[in-house]
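Structural description and commentary
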Amino acid sequence: MPTDSDLGELLGVLYEGPLEDPPWSSFLTLLRSVFAADAVTLLLNAPLQNTADQSASVKNSRMQLLSDGGSTSHIESYTQGQFLLDPLVNLPAGKVISLREFMSEAELLASEFYQVILAPQNWYDFMAVDLRVNGEIDARLRIGRYRGAPRFGAAEKKRLQELLPHIERAIRLHTRVRRLETERAVYAGVVAQMSVATILLDESGKIVSCNELAEALLAEGDGITVSDGHLVLRNREQTRELLALVSRVFQAQQHSDIMAVEALRVERPSGAGDLGVLIRPVPGAETRQVHSIPTVAIFISNPDSQAEAPVQVITRLFSLTPTEAALTMLLTNGLTLDEASLELGVSRNTTRTHLRSVFSKTGVSRQTMLVRLILKSVAPLA
């Protein structure tokens, strides 16, 4: 039976679980050990409306099944159809139940569940509990022993029951972390599609993270680079100016002014177009309590980068032909009509004919208006 020291160790790895990949690997391993079990599984699922949803849920892979112990073939058999025979479903939320408490010995031995799943795989007893967390996720925890081991007793059920509030909190943390990670990935993708390099700094001005565009830009070392984890511009004067602007934004954030914005133009030694640098606070950064977290965001636009959008997206948005869409993107990227003609391999007159058709379909009358229309549309996000 788990001791108090076991429970303390379990709580430690439980709250670290959402940070692991896969989540709770260490917790499930330790849980199996302290309960002297042969297998532990944790199934996380979107809330089910009724028992009929259970099969659809598994078939559509809406669930996340985490396990330690047992055999891979047994788990695969369960997810591929044996779950339909499992009587341990829709249990009272938050109550630990043992298998023989749920079914009498006679009912168990006569059940298809025992004959198809338990007996062939040598299972003998289970502790089971279902949790419903904030209406966002259903969790099913199962701890099993093979034949030859003792049944789970009242003391073990009590110990597992004591863990449940902590397991529920950890699952809530996991759900929130996953949601934030998903949102971050979406926003990061949008920023990348807009060809904006993003750099996050902590309160000391040290780089915390960069997106891929920023990493590539810094690697070029053309006007902006990194030294000892800090941004360095082409000369000391500009570097000092950048540091002063970052400090100003940081100070504004400390006074809850999350709308503070500073800007800087950076010349590049190569002669390429100047970089536009925008500096603003990161909302919600509690820098007084936690060090080395993102507090200031730097966005860098590169005038030499080209707007990119799939031709098929432009085609669908504005009812253009593929050639008209290709011409539109060339003009959006700064090419002249003659340059676009060469790129497309057609005559200037043909290009002008395509352009008139584009104007007609988009409702604009000049190339500058067309470029503005494309850049303000959702096309660059495609």
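Use the structure listed above.
Here we summarise the structure given alongside this text. Everything quoted here is computed from the prediction, not taken from an experiment.

1. Structural notes on the overall build of the chain
Each helix and strand in the chain was counted, giving 15 helices and twelve strands. Within the chain, the proportion of its 382 residues that are buried is 40%. Within the structure as shown, the chain displays about 20,100 Å² of accessible surface, and the carbon and sulfur contribution to it stands at 52%.

2. Details of the packing of aromatic side chains
The geometry of two aromatic rings is summed up by the distance between their centres and the angle between their planes. Across all of its chains, the model carries two aromatic pairs by this definition. Considering the side-chain rings of Trp123 and Phe126, the 5.2 Å spacing of their centres and the 40° angle between planes classify their relative orientation as tilted. Here Trp123 matches Phe126 in class, with each residue buried. A centroid spacing of 4.4 Å and a plane angle of 40° characterise the contact between Trp123 and Tyr146, whose relative ring orientation is tilted. Of this pair, Trp123 sits in strand E4 (residues 123–133) while Tyr146 sits in strand E5 (residues 137–146), placing them 23 residues apart in sequence. Each member of the aromatic cluster is reached from another via a ring pair, and the members are Trp123, Phe126 and Tyr146. When the ring centre of Tyr124 is taken as reference, the NZ or CZ atom of Arg100 above it lies at 4.4 Å.

3. Some points on the pairing of E5
With respect to burial, E5 is a largely interior element, nine of its ten residues being buried. The sheet contact formed by strand E1 (residues 39–45) and E5 spans seven bridges and is antiparallel. Bridged to Leu44 within E5 is Ala139. Sheet topology places E4 next to E5; ten bridges connect them, and they run antiparallel. Among the inter-strand pairings, Asp130 is bridged to a residue of E5, identified as Arg140. Turn length for the E4-E5 hairpin, with the two strands adjacent in sequence and antiparallel, is three residues, and the turn residue Asn134 shows positive phi of about 55°.

4. Re the nonpolar core
Trp24, Leu31, Ile143, Ile167 and Ile171 are the most contacted members of the largest nonpolar core, which totals 31 residues. Grouped together as the second largest cluster of nonpolar side chains are 22 residues, Ile224, Leu233, Val246 and Leu264 included.

5. Section: the sheet that holds E5
With respect to topology, five strands assemble into an open sheet ordered E2-E1-E5-E4-E3, the strand pairing being antiparallel. A single partner strand is all that each edge strand has here, and the edge strands are strand E2 (64–69) and strand E3 (97–98). Contacts between helix H2 (residues 25–34) and the sheet are confined to E1, E2 and E5, with E2 contributing the most and set at about 45° to the helix.

6. Regarding the environment of Glu9
Mapping Glu9 onto the fold places it in helix H1 (residues 4–16). C-alpha of Glu9 to C-alpha of Leu31: the two residues are 22 residues apart in sequence and 9.8 Å apart in space.

7. Some words on helix H11 (residues 311–318)
Among the residues of H11, Ile314, Thr315 and Phe318 are the ones counted as buried. Projected down its long axis, H11 shows its buried positions confined to an angular sector of 105°, all on one face. Packing partners of the buried residues in H11 comprise helix H12 (322–332), helix H14 (348–362) and helix H15 (367–376). Ser319 sits one or two residues past H11 and shows a positive phi near 55°.

So, how was this worked out
- Residues numbered from 1 in each chain as written.
- Predicted model: local features only at pLDDT ≥ 70, side-chain atom pairs only at ≥ 80, totals over all residues.
- Heavy atoms only, no water.
- Helix = DSSP H or I, 4+ residues; strand = E, 2+ residues; numbered from the N terminus.
- Buried < 20%, exposed > 50% of the residue type's maximum accessible area, 1.4 Å probe, protein only.
- Areas by Shrake-Rupley, 256 points an atom, 1.4 Å probe, with all protein chains shown as cover.
- Phe/Tyr/Trp six-rings, centres within 6.5 Å; stacked < 30°, edge-to-face > 60°.
- Lys NZ or Arg CZ within 6 Å of the ring centre and 35° of its normal.
- Pairing = 2+ DSSP bridges.
- Core = buried A, V, L, I, M, F, W, Y, C linked by side-chain atoms within 4.5 Å.
- Contact = heavy atoms within 4.5 Å.
- Axes fitted to C-alpha atoms, helices over the stretch in contact; angles between N-to-C directions.
- Arc of directions from axis to C-beta.

Coordinates in, geometry out; function isn't part of it.
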